[in-house]
Amino acid sequence: MPSDLPAYALAPPRSLYVHIPFCESKCSYCAFNSVGREHTPSGQISAYVDALIRELTELRIHQPLETIYIGGGTPSILDRSSWNRLAEAILRHAPLEAKAEWTVEMNPGTLHDAKLRDYRSVGVTRISLGAQSLDPLILRSLERIHSPEDVFRAVDRIVEEGFPSFNLDLIYGLPGQGLQSFESDLDALLALDPPHLALYNLQFEDGTTLSLQRLGGHVEEEREEVQIAMFTSACERTAAHGLLQYEISNFALPGHRARHNEVYWENAPYFGIGAGAWGCVGGVRYRNVCSADRYIKRIEAGESPRDENDVLDRDALFLESLVVMLRHVNGIDKSLMEERFGSGCLDESIPLFQRWIASGWMHWRDGRWALTQAGQLVSDSLFLELLP
Amino acid sequence: MSESNEKTARIRNFCIIAHIDHGKSTLADRIMEITGTVDERKRRDQLLDDMDLERERGITIKAKAVEIHWEKDGIPYVMHLIDTPGHVDFSYEVSRSMAACEGAVLLVDAAQGVEAQTAANTWLAVDSDLEIIPVLNKVDLPVARPDEVAMEIESVLGLPAEEVMHISAKTGKGVAELLDRVVERIPPPSGDPESELQALIFDSVFDDYRGVIVYVRIVNGRVKKRDRIRMLGAHKAYEVLELGKFRPDMVAVEELAAGEVGYLICNIKTIHDVKIGDTVTHQKTEVEALPGYEEPIPYVYCGLYPSNPGDYENLRAALDKLHLNDASFNFEPETSDALGFGFRAGFLGLLHMEIVQERLERESGIDLVQTPPNVTYELQTTDNREFLIDSPSKFPDDGTVKEIREPIAEVNMIVPSTSIGAIMRLCEDRRGVYIKTEYLGTERVLLHYEIPLSEIIFDFYDKLKSSTKGYGTMDYHVKEYRAANLVKLRVLVNGTDVDALSMIVHRDESTRKGRQLLIKLKKEIPRHLFEIPLQAAIGGKIIARENIRAMRKNVTAKCYGGDITRKRKLLEKQKEGKRRMKSVGNVEIPQSAFFAALKLDRDE
């Protein structure tokens, strides 16, 4: 057990991530741990849920949880009986606080009225809907299984079902998208009055179909100027709808920030279960084995599903904290960091911060250093300078 | 004839002149096999003698002068097959190895024909009065064209086509006849074992356990174990602790006499005390030095800097170690405003530089920043002082230079007739002066040019190869220093003079080269968070400028859960990459940028 870590990192987690590594089909840009239906043997999803329940049970969670996030993959791929077994187990083995946030990710193409009702009835508070684009051609090129209409229908149903909050995902910088088309997609989504919006700049992740297409010269990365214009435009348009940017890629109405994700941006501990899930408990960041099949087998054999264990030392935790905190509008809270890592822990960073402030990438306000919009855009270059 | 003179009469010393891939080592192997030299080694491998112990300690000393035994007409002969260095930068060493022989086997691939370096080495052999036995190898291959190649040998090298032997080193066909021919044609050594000792040092190698091993050809007299000897050029005296021959492993003998070739071990601590071409005699004996001795002159220099300043001492240690085994490479400390503390190293030529650098990186593991190579220049100042500079940064910028002279190389190239035009254009682009053309049959020509050395040390050879579909070959040697209208081109990155990027160029080409260099640098230097102006200047005058645009977007879209650790590891890896760059002012310059200057093409 690492002994030099601040107490907060060693405290029992108050959040749980559950990974569902199955999709109807794999999208071309996706680098997440997921496999399409055609590669999933029948009966595997049900066996997987059994394994999840067993891993959850063995966590022996006593502290009531503040957030649960069920992501993937496509969690909405679970049939009703699998879902109900999972939900029941969560309610039994993971006590929830009264005001806990419980999010489930959903693909607009897997919408199912009865499933939505099930979610709501067990206490799910938030649906995260992967809209990605409203351009049918782009959706097809990304190998998404849904149409723009599916998105509108899904939002209607989510609202009707009475979920207190929901999120829409939108990607910008897609090949062939163009500024105008992006702006009209964004406007159409904002017209749905989402309380939360996640706006992702397209990344060409290694090993994805999209990256291969770029290597083969079939698609081209959007010009830098256009991508910057998309980001700037998005910040203005969302603000006009009352959605405020609170993390590089996230926008929310007041009171609708994704509390689960904010746990990551505070670099606080959390449980993660399921194939390929990451977790961070007791100063160890771990990852479970990625293959659903191997995950199930390990759990069935009574073995630990963990494949990687990264024991964090103080320096690593400190650096990670700076990086994730600077992605958030709250930025680096000087007194919080000093409380966690000791007074003077930021002494070496301050001259750097002063340079960033002079360059217009950072501001200092209310005892916090946070990145400006220009700083966010070059944040990866700035983070590199944080390293000794 | 005395007994010892009779022994000398049955010695033959020869080397093999061949282009790379024309089969020199195959022929050497076949000769050793046919003469039983290799079998003897195999037998001895099974016995645990001193040599085996040494082999276990990892010592392998290249047999550069193998003793072989051959019988002709019932008379036993002792031959020494002397190896010569394989490449163009070592022509002095080649000439010394030849000076240890009375003859040479000229081995030419019957399909490829005569190549430039073979021709150059053959001329060297002719100058050294060697008896030359022309031989065509690979005659049994379907692509062989022995008659044409024999005619090439006659027309370029002046050796009668009808005397050219046909062999196959691979199958061994004709090799025994070749050995007979060596006995018949190559004269025995002319030295007198009874006169005073004169031995030629033709090579040396450093061994961690035994110090320097000196390769000698005894020209006159004899040398024995425990003899006190001295080296005339180096003014050093030693006691001979061991002497011997390569059979092909090192075998100690009691004495080496006139005509023989072998090694001496005298507890010599550094290879720099042994000069190739020097003469060895007894300590109290006065003899004349053997002709042909020269100090090796480095013509090509470059700066070597550790990427990480903390590696300076490690780099020095690595250079010292390489220096132990290579007497023709030198280095001294140098300080660059841009690069900090490093070394300026001198080489015989570009190939020599590449060999040293490759070994340095491989053996030391130090990340190096290497500045573009430059040649040495002779300067005359307005107050008539003369000096030699080995770095553009030492070039005075203040108008005190009256004359600057650069080394001119005599270059000979053998190319297909169809590419004469392309090669002549290449040579003219490189400020070459045409001397003459010789025809080698109808297919190929031998072109002679004089070209400034600075113009051929970069990518001349690559260009020659690509313009001739790989068939062209070249050889060069420095002829003299000649005055030229040269200026120093400086480069400013973000307003800072990067001395390591400055270069000496011809005034007529300075603007074009300056512009091209900036375009290259623009591609090589990664974008920073601020705009970086690049300028090229001559004296105080800016002759070209470029801008590297500021990076405005570099952001990761998603950072959840496991992304955090992945992000940290990626940042650590990127930081490591950044450490390998050189920070000048606040601009990170990768090593590749320092080499951008080398790739300035005419046609760009």
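Rules used throughout
- Residues numbered from 1 in each chain as written.
- Chains lettered and ligands numbered in written order.
- Predicted model: local features only at pLDDT ≥ 70, side-chain atom pairs only at ≥ 80, totals over all residues.
- Heavy atoms only, no water.
- Helix = DSSP H or I, 4+ residues; strand = E, 2+ residues; numbered from the N terminus.
- Buried < 20%, exposed > 50% of the residue type's maximum accessible area, 1.4 Å probe, protein only.
- Areas by Shrake-Rupley, 256 points an atom, 1.4 Å probe, with all protein chains shown as cover.
- 1 Å grid on protein atoms, 1.4 Å probe; cavity = no way out; pocket = protein on both sides within 12 Å on 5 of 7 lines; lining within 4 Å.
- Points joined across faces, edges and corners; volume = space filled by probe spheres on them.
- Nonpolar A, V, L, I, M, F, W, Y, C, P; charged D, E, K, R; others polar.
- pLDDT = per-residue confidence, 0-100.
- Pairing = 2+ DSSP bridges.
- Axes fitted to C-alpha atoms, helices over the stretch in contact; angles between N-to-C directions.
- Salt bridge = Lys/Arg side-chain N within 4 Å of Asp/Glu carboxyl O.
- Phe/Tyr/Trp six-rings, centres within 6.5 Å; stacked < 30°, edge-to-face > 60°.
- Lys NZ or Arg CZ within 6 Å of the ring centre and 35° of its normal.
- Contact = heavy atoms within 4.5 Å.
- Buried area = accessible area lost by both parts, 1.4 Å probe.
- Polar contact = N/O pair within 3.5 Å; in protein donor to acceptor, adjacent residues only side chain to side chain.
- Arc of directions from axis to C-beta.
- Core = buried A, V, L, I, M, F, W, Y, C linked by side-chain atoms within 4.5 Å.

### Here we look at the overall build of chain A
- If you tally the helices and strands in chain A, you get 16 helices and 15 strands.
- Sorting the 388 residues of chain A into buried and exposed places 58% on the buried side.
- When the accessible area of chain A is evaluated, it comes to approximately 15,700 Å², of which 50% is carbon and sulfur surface.

### Details of empty space enclosed by the protein
- Within the structure shown, the criterion is met by 2 cavities of 30 Å³ or more.
- Around the largest cavity, the lining residues are Tyr172(A), Leu199(A), Asn201(A), Phe231(A), Ile248(A), Ser249(A), Val555(B) and Ala557(B).
- Taken together, the residues of the lining of the largest cavity sort by class into 6 nonpolar, 2 polar and no charged.
- Taken together, Glu320(A), Val323(A), Val324(A), Cys559(B), Ile564(B), Lys567(B) and Arg568(B) form the lining of the second largest cavity.
- Listing elements by their share of the lining of the second largest cavity, those giving two or more residues are helix H12 (314-327) of chain A together with helix H15 (563-579) of chain B.
- The residue makeup of the lining of the second largest cavity, split by class, is 4 nonpolar, no polar and 3 charged.

### Describing the confidence of the model for chain B
Residues and elements named next belong to chain B.
- In this model, chain B carries an average pLDDT of 88, and 93% of its residues clear a pLDDT of 70 or more.
- Model confidence for chain B, summarised as mean pLDDT per element, is weakest for helix H4 (residues 50-56) at 42 and strongest for helix H8 (residues 175-185) at 97.
- Predicted complex, confidence summary: ipTM 0.91, pTM 0.69.

### What about unusual backbone geometry?
- A cis amide bond links Gly72(A) to the next residue, Gly73(A), at an omega of 15°.
- Secondary-structure assignment places Gly73(A) in the loop between strand S2 (65-72) and helix H3 (80-93).
- A cis amide bond, omega -10°, links Arg247(B) with the succeeding residue Pro248(B).
- Within the secondary structure, Pro248(B) is located in the loop between strand S12 (242-246) and strand S13 (250-252).
- One non-glycine residue with positive phi stands out, namely Arg226(B), at about 75°.
- Position of Arg226(B) relative to the elements: it lies in the loop between strand S9 (222-224) and strand S10 (228-231).
- With a phi angle near 55°, Asn267(B) is a residue other than glycine that sits in the positive phi range.
- Here Asn267(B) shows up in the loop between strand S15 (261-265) and strand S16 (279-282).
- We classify Asn267(B) as partly exposed; its relative accessible area is 45%.

### A few points about the sheet that holds strand S10 (residues 278-281) of chain A
All names here are of chain A.
- Within the open sheet, the 3 strands sit side by side as S10-S11-S12. Their pairing is antiparallel. Sheet topology places S10 and strand S12 (306-311) at the edges, where each strand pairs with a single neighbour. Each strand of the sheet is rotated relative to its neighbour by a mean of 20°, with strand direction disregarded.
- The pairing of strand S11 (residues 284-288) with S12 spans 5 bridges and is antiparallel. Residue pairing for S12: Arg287 is matched across the bridge by Glu308.

### Things to note about the pattern of salt bridges
- Counted by the stated rule, this structure contains 76 salt bridges over all chains.
- Its salt-bridge partner being Glu161(A), residue Arg157(A) comes within 2.8 Å of it at the nearest N-O pair. Glu161(A) matches Arg157(A) in its accessibility class, with the two residues each being buried.
- A salt bridge links Lys522(B) to Glu546(B); its shortest N-O distance comes to 3.5 Å. Taken together, the positions of Lys522(B) in helix H14 (residues 510-524) and Glu546(B) in strand S32 (residues 541-548) put the pair 24 residues apart, joining distant regions of the chain.
- Here Glu546(B) falls in the partly exposed class, since its relative accessible area comes to 22%.
- One salt-bridge network, in which partners are shared between bridges, spans Arg285(A), Asp310(A), Glu320(A), Arg568(B), Lys569(B) and Glu572(B).

### Some thoughts on the packing of aromatic side chains
- Within this structure, the stated rule accounts for 25 aromatic pairs over all chains.
- Both rings, one in Tyr48(A) and one in Tyr295(A), keep their centres 5.3 Å apart while their planes meet at 45°; by these two values the pair is tilted. Within this pair, whereas Tyr48(A) is found in helix H2 (residues 44-59), its partner Tyr295(A) is found in helix H11 (residues 292-300), the two being separated by 247 residues in sequence.
- For the pair Phe318(A) and Phe341(A), a centre-to-centre distance of 5.1 Å together with 75° between the ring planes defines the contact as edge-to-face. One end of the pair, Phe318(A), is in helix H12; the other, Phe341(A), is in helix H13 (residues 334-341), and 23 residues separate them in sequence.
- Looking at Phe318(A), the relative accessible area reads 17%, which means it is buried.
- Aromatic ring contacts, followed pair by pair, group Tyr200(A), Tyr246(A), Tyr264(A), Trp265(A), Tyr270(A) and Tyr560(B) into a single cluster.
- The ring of Tyr286(A) carries the charged tip of Arg306(A) above its face, separated from the ring centre by 3.5 Å.

### Some words on the interface of chain B and chain A
- If you look at the interface, chain B gives 27 residues, while chain A gives 39 residues.
- Counting the surface lost from both chain B and chain A, the interface buries some 3,300 Å², and carbon and sulfur atoms represent 57% of this.
- Of all residues in chain B, Leu529(B), Lys553(B) and Tyr560(B) bury the most surface against chain A, accounting for 21% of the area lost on that side.
- The interface formed by chain B and chain A includes 6 salt bridges.
- Two residues, Glu320(A) and Arg568(B), come together in a salt bridge whose shortest N-O distance is 2.8 Å.
- The interface formed by chain B and chain A holds 24 residue pairs in polar contact (both at pLDDT 80 or more) in total.

### Overview of helix H14 (residues 350-359) of chain A
Residues and elements named next belong to chain A.
- Buried within H14 are the following residues: Leu352, Phe353 and Trp356. Relative to the axis of H14, the buried residues are bounded by an arc of 100° and lie together on one face.
- At its buried positions, H14 is contacted by H12, strand S13 (332-333), strand S14 (362-365), strand S15 (368-371) and helix H16 (379-386).
- Positioned one or two residues after H14, Gly360 has a phi angle of 85°, which is positive.

### Points about the environment of Leu489(B)
Residues and elements named next belong to chain B.
- Within the secondary structure layout, Leu489 lies in strand S28 (residues 486-493).
- Using a relative accessible area of 0% as the deciding quantity, one classes Leu489 as buried.
- When neighbours within four sequence positions are excluded, Leu489 is seen to be in contact with Ser502, Met503, Val505, Ser510, Lys513, Gly514, Leu517, Ala536, Ala537, Ile538 and Ile543.

### A few points about the pairing of strand S2 (residues 65-72) of chain B
All names here are of chain B.
- Across the 8 residues that make up S2, a large majority, 6, are buried.
- In this sheet, strand S3 (residues 75-82) lies alongside S2 in antiparallel orientation, the contact comprising 8 bridges. Each residue of the ladder has a partner; that of Glu71, found in S3, is Pro76.
- Between S2 and S3, which pair antiparallel one after the other, the connecting turn spans 2 residues, and Asp73 there sits at a positive phi close to 55°.

### Regarding the nonpolar core
All names here are of chain A.
- Ile20, Ile70 and Ile127 are the most contacted members of the largest nonpolar core, which totals 66 residues.
- Residue contributions to this core peak at 8 residues, all from H2.
- Those residues within four positions of Ile127 in sequence are excluded, and the remaining contacts are Val104, Met106, Leu116, Tyr119, Ile158, Phe163, Ser165, Phe166 and Asn167.

### Notes on the sheet that holds S2(A)
Residue and element names in this part refer to chain A.
- Across the sheet, which stays open at both edges, the 9 strands sit in the order S7-S8-S6-S5-S4-S3-S2-S1-S9 with mixed pairing between neighbours. A single partner strand is all that each edge strand has here, and the edge strands are strand S7 (244-247) and strand S9 (271-273). Averaged over neighbouring strand pairs, the angle between their axes works out to 20° when direction is ignored.
- When strand S6 (residues 196-201) meets strand S8 (residues 250-252), the two strands line up antiparallel, connected through 3 bridges. Residue pairing in the sheet places His196 in a bridge with Ala252 of S8.
- Across the sheet, helix H7 (residues 179-190) is in contact with strand S4 (126-132), strand S5 (165-172) and S6; its angle to S5 comes to roughly 175°.

### Details of the environment of Leu324(B)
Residues and elements named next belong to chain B.
- With respect to the helices and strands, Leu324 occurs in helix H9 (residues 312-325).
- Residue Leu324 is classed as partly exposed on the basis of its relative accessible area of 26%.
- Put simply, Leu324 and Asp208 are 116 residues apart on the chain and 9.6 Å apart in space, counted from C-alpha to C-alpha.
- Not counting the four nearest positions on each side in its chain, Leu324 is found in contact with Phe206, Ile271 and His272.

### Looking at the pairing of strand S24 (residues 401-416) of chain B
Residue and element names in this part refer to chain B.
- Buried residues dominate S24, accounting for 12 of its 16 residues.
- Direction of pairing for strand S22 (residues 377-381) relative to S24: antiparallel, over a ladder of 4 bridges. Bridge pairing links Leu379 to Ile404 in S24.

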